[in-house]
Each structure stands twice: as C-alpha cells, then as structure tokens.
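Each chain, written out:
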Amino acid sequence: MSDSCKARFEGRVAENLSATPGVEVIDPPAFAQLTTLRIGGTPVAAVRAKTSEALATAVSLLDEAQVPLLVVGGGSNLVVADGELDLVVVLAENDALEIAAGGLVRAGAGAVWDEVVAATVEEGLGGIEALSGIPGSAGAVPVQNVGAYGAEVSDVLTRVNLYNRSTGESGWVPISELELAYRYSNLKFTSRAVVLDIEMQLDPTGISVPLRHMKNRRISVAAARASVLEVRASKGMVLDATDHDTWSAGSFFTNPVVDSALADAIDAQVGEEGMPRFPQENGEKLSAAWLIERAGFSRGFPAEDAPARLSTKHTLALTNRGNAKASDIASLARTVRDGVEEKFGVRLVPEPVWVGMSIDD
Ligand SMILES: Cc1cc2nc3c(=O)[nH]c(=O)nc-3n(C[C@H](O)[C@H](O)[C@H](O)COP(=O)(O)OP(=O)(O)OC[C@H]3O[C@@H](n4cnc5c(N)ncnc54)[C@H](O)[C@@H]3O)c2cc1C
C-alpha cells in the first residue's frame, strides 16, 4: 500500500468525514465482498454516504486532500485487482425514491436499481420494465447507459443531479451533457463527476416498451417485467448467490461495431445462416457472444475445474467459480479476446471498469 494515500486519508480528512452528517468511515471490506464477480483486494478505507449531500461532501473532502477514490454502488460492473489498493471506496447509500403522479421518478444514486424498477412497475409505469433484473445502483445506470431487451435508460432519463469534481459544484444537468450512447457516457472511465440522483419520466399508460425478445410486442409492464426476469434468469443474468454462473460482471465484452466489408468477410468465413448484424451510423454492430462462440469458445470454457470460466449458460459472461483470483479472470478475458481477434480480426473491448489492473497488462 502506498503510504501517501493512507497518510493523506488518516488524521484530519478521516475526522472531517466522520464529522459530516450522513457520512460514516468504516473498516474497508475487500472488493471481493463488494463486487458481483467476488474478486479484488482491500482499499485503504471505505466511506458510507447516506444522503446525496453526504455523497457530494465525502467526495469533495477526499478530492481536496488528493486522496484517490472510487465511488461504488452494487459493484456489478467492476473488475478489481487483488492485494492492497491505493484508494478509498465511497459507498453510495443514498436510496431515497420518489414517484410522482404523472410518472416522474427521482431516485438517489444508492437506490438498488431493480427495486426502483419493481416499485415503478408496481405503480403501473412503463419505460424501465425491460431493464428488470440488472444488478447495481440507480446512480450507475447513466454511467454506461444500461440497456437490455431493446430498451436503454437514456430513453427515459431526463436529468441527473451531478457533483462535478473539477468545479466542486452540484446541480441538476440535462442528460445531453452526458453524451449517452451504447454502453457509454462521458462519466464512464473518467470519473469526472458523481451521480447523486437521477430523474426519469415514465409512461403512465401501463404498457411496456417494445420487447426485443418478444418480436417487439408491447404488453403490460407487470407481464413484461416477469418475462424479462425469466429470460434473464435462464441465462444466469440475475444474481443468485448459489449459482456461480451469476458470479460475474454481466456481459464482459461490448458488441463490436465493424465496417460492412469486415462483417461480410466474417459472414462468409463462418458460412452460417443468420449471423446477427445490426446496421449503425458508422458500420454494423455484431454480437460479441456469437463471435466468441464461433471462435471456438463454448459455454463453460475452459474446463469444469477451472477457477474462472465462461458461464455455462451464456458465453458472454466470465464467471468466478468460487476461488478465482483477479488474475484468473484477466487471463480468461485475454484468451477470449485474443482468440476472437485471431479468428475474425475483431478486437473485443471489455464492458466493465477495471481497477488496479487492465486487460492489456
Ligand atoms: C448478472 C449481471 C447482469 C448484468 N446485466 C446488464 C444488462 O443487462 N445491461 C447493462 O447495461 N449492464 C448489465 N450489467 C452490468 C451492471 O449491472 C451495470 O453496469 C450497473 O449499472 C452497474 O451498477 P453498479 O452500481 O453495480 O456499479 P459499480 O460496479 O459499483 O460501478 C461501476 C462504475 O460506475 C461508477 N459509479 C457507480 N456509481 C456511480 C455514481 N453514483 N456516480 C458516478 N459513477 C458511479 C463506478 O465508480 C465504476 O466506475 C450486469 C451485471 C451483472 C453482474
């Protein structure tokens, strides 16, 4: 552990944090306890923030003292190195939820995302039912513009309450400032700001968004949520402590966008009917899972007794079978990425945020 991170944190900074209403300094849990992959070492300290103000103040106090920090919600999009980590974890635990007549919804960053979805579906509101079962916090959904089954949170997000780490100011900003795109915002990988609260305008008619897995049918929001949860569970995409296929960070690689000539070449090379191809402005989006499988990596790769394997239900999830180290996940990620690149000339890019290590190390 670097003495400087610890030294900067201990003493006045830790005291000021402890004296801030809604902030609590706790003995740091290991990232293995904080992440859904259940890997990762121990930070210098952890700070719990119970309100939006407390979250902004905690980050500002750490920034002022130049203490490296990581805001953590549900830990479901993180790949963290083992050992001692030179950073302080800020746990977003501000979980207020307001649902107004007309479908305007505000959630604190620390609200559990699927609880927000369940509560809005219960109220008969549409717009996020296809995002049922996605683990993690409400504050993280804008960070990578979460999406599933044909819906993205950018379809309904109106504003976010942001703490801007360079100006030290908080305030509601329109989502246009986040440059949301497929699994992207300008918050992802930059940590330039912290989401304190989110606001969404949902649809009070009670009818779901068009559901991709049901040929774009629209059904009641309650039926849509039930159907999405059932399909997700069959793919190991709903957390279940007893099922190692869900000890993952979800889809490990984003779907690559390639030019049409390369898409044609891959289509011809594989020679199968129905290669998934989705036209985009700048080329065609291919399915990372399809490429992984066609490159020879099947479910459960590499072996039953391996500490890290592809999920036995879904080739796009890298999973911890119980005693994987960070290096096991990283090594499997490299094997899959390199195998796909060798076979098809497409370099897959990881979706999760890596901390203390990189796929390129
Ligand atoms: C089984 C499984 C299924 C999944 N399915 C999907 C899916 O269908 N679609 C999808 O898009 N994703 C999916 N994911 C990925 C993940 O759940 C989402 O990205 C989720 O939004 C991450 O939320 P989190 O709170 O766990 O973020 P964390 O893992 O805690 O953090 C991820 C990143 O966001 C940052 N961050 C967290 N909170 C804030 C905040 N308040 N302000 C600023 N930055 C913040 C962190 O610093 C970190 O860089 C899945 C993951 C798993 C494990």
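If you're wondering where the values come from, they're calculated on a predicted model, not measured in any experiment.

### Section: the pairing of strand β12 (residues 193-201)
Each regular strand displays side chains that alternate between the two surfaces of the sheet.
Okay, step 1: β12 sits mainly inside the fold: eight of its nine residues count as buried.
Okay, step 2: Pairing analysis gives seven bridges linking strand β10 (residues 157-164) to β12, with the strands arranged antiparallel. Along β12, the bridge assignment pairs leucine 162 with valine 195.

### A look at the domain arrangement of the protein chain
Okay, step 1: Partitioning the protein chain into structural domains gives domain 1 (3-92), domain 2 (97-234) and domain 3 (244-355).
Okay, step 2: Here the C-alpha centre of domain 3 lies 26 Å away from the C-alpha centre of domain 2.
Okay, step 3: Taken together, the seven residues of domain 2 in the interface contact seven residues of domain 3.
Okay, step 4: With both sides pooled, the region where domain 2 packs onto domain 3 buries about 580 Å², and carbon together with sulfur makes up 53% of that total.
Okay, step 5: For the domain 2 face of the interface with domain 3, the top three residues by lost area are Tyr182, Lys188 and Phe189, together amounting to 64%.

### Comments concerning the pairing of strand β11 (residues 169-174)
Okay, step 1: Bridge count between β10 and β11: six bridges; the pairing is antiparallel. The partner of leucine 162 across the bridge, within β11, is glycine 171.
Okay, step 2: Between β10 and β11, which follow one another and run antiparallel, lie four residues, and glycine 168 among them has a positive phi close to 75 degrees.

### What about the packing of aromatic side chains?
Okay, step 1: Within the structure shown, the criterion is met by three aromatic pairs.
Okay, step 2: For the ring pair phenylalanine 297 and phenylalanine 301, a centre distance of 4.9 Å and an interplane angle of 80 degrees mean the geometry is edge-to-face.
Okay, step 3: Take phenylalanine 297: its relative accessible area is 7%, and that puts it in the buried class.
Okay, step 4: Here the aromatic residues Phe252, Phe253 and Trp354 are joined through ring pairs into a cluster of three or more.
Okay, step 5: Geometry around tryptophan 172 places arginine 106 over its ring, the cationic atom sitting 5.5 Å from the centre.
Okay, step 6: Over the ring of tyrosine 182 we find lysine 285; its NZ or CZ atom is 3.7 Å from the centre of that ring.

### Some thoughts on the pattern of salt bridges
Okay, step 1: Scanning the entire structure with this criterion turns up 22 salt bridges.
Okay, step 2: With a closest N to O distance of 3.0 Å, arginine 48 and glutamate 93 form a salt bridge. You can see arginine 48 sitting in strand β2 (residues 42-49) and its partner glutamate 93 sitting in the loop between β5 (84-92) and β6 (97-99), a full 45 residues away along the chain.
Okay, step 3: Accessibility expressed as a relative area gives 24% for arginine 48, which makes it partly exposed.
Okay, step 4: For aspartate 360, the salt bridge goes to arginine 347, with nearest N and O atoms at 3.5 Å. With aspartate 360 in the segment after β18 (353-355) and arginine 347 in the loop between α9 (326-344) and β18, the pair connects residues that are 13 residues apart, well separated along the chain.

Conventions used here
- Residues numbered from 1 in each chain as written.
- Predicted model: local features only at pLDDT ≥ 70, side-chain atom pairs only at ≥ 80, totals over all residues.
- Heavy atoms only, no water.
- Buried < 20%, exposed > 50% of the residue type's maximum accessible area, 1.4 Å probe, protein only.
- Helix = DSSP H or I, 4+ residues; strand = E, 2+ residues; numbered from the N terminus.
- Pairing = 2+ DSSP bridges.
- Domains from an automatic or database assignment.
- Contact = heavy atoms within 4.5 Å.
- Buried area = accessible area lost by both parts, 1.4 Å probe.
- Phe/Tyr/Trp six-rings, centres within 6.5 Å; stacked < 30°, edge-to-face > 60°.
- Lys NZ or Arg CZ within 6 Å of the ring centre and 35° of its normal.
- Salt bridge = Lys/Arg side-chain N within 4 Å of Asp/Glu carboxyl O.

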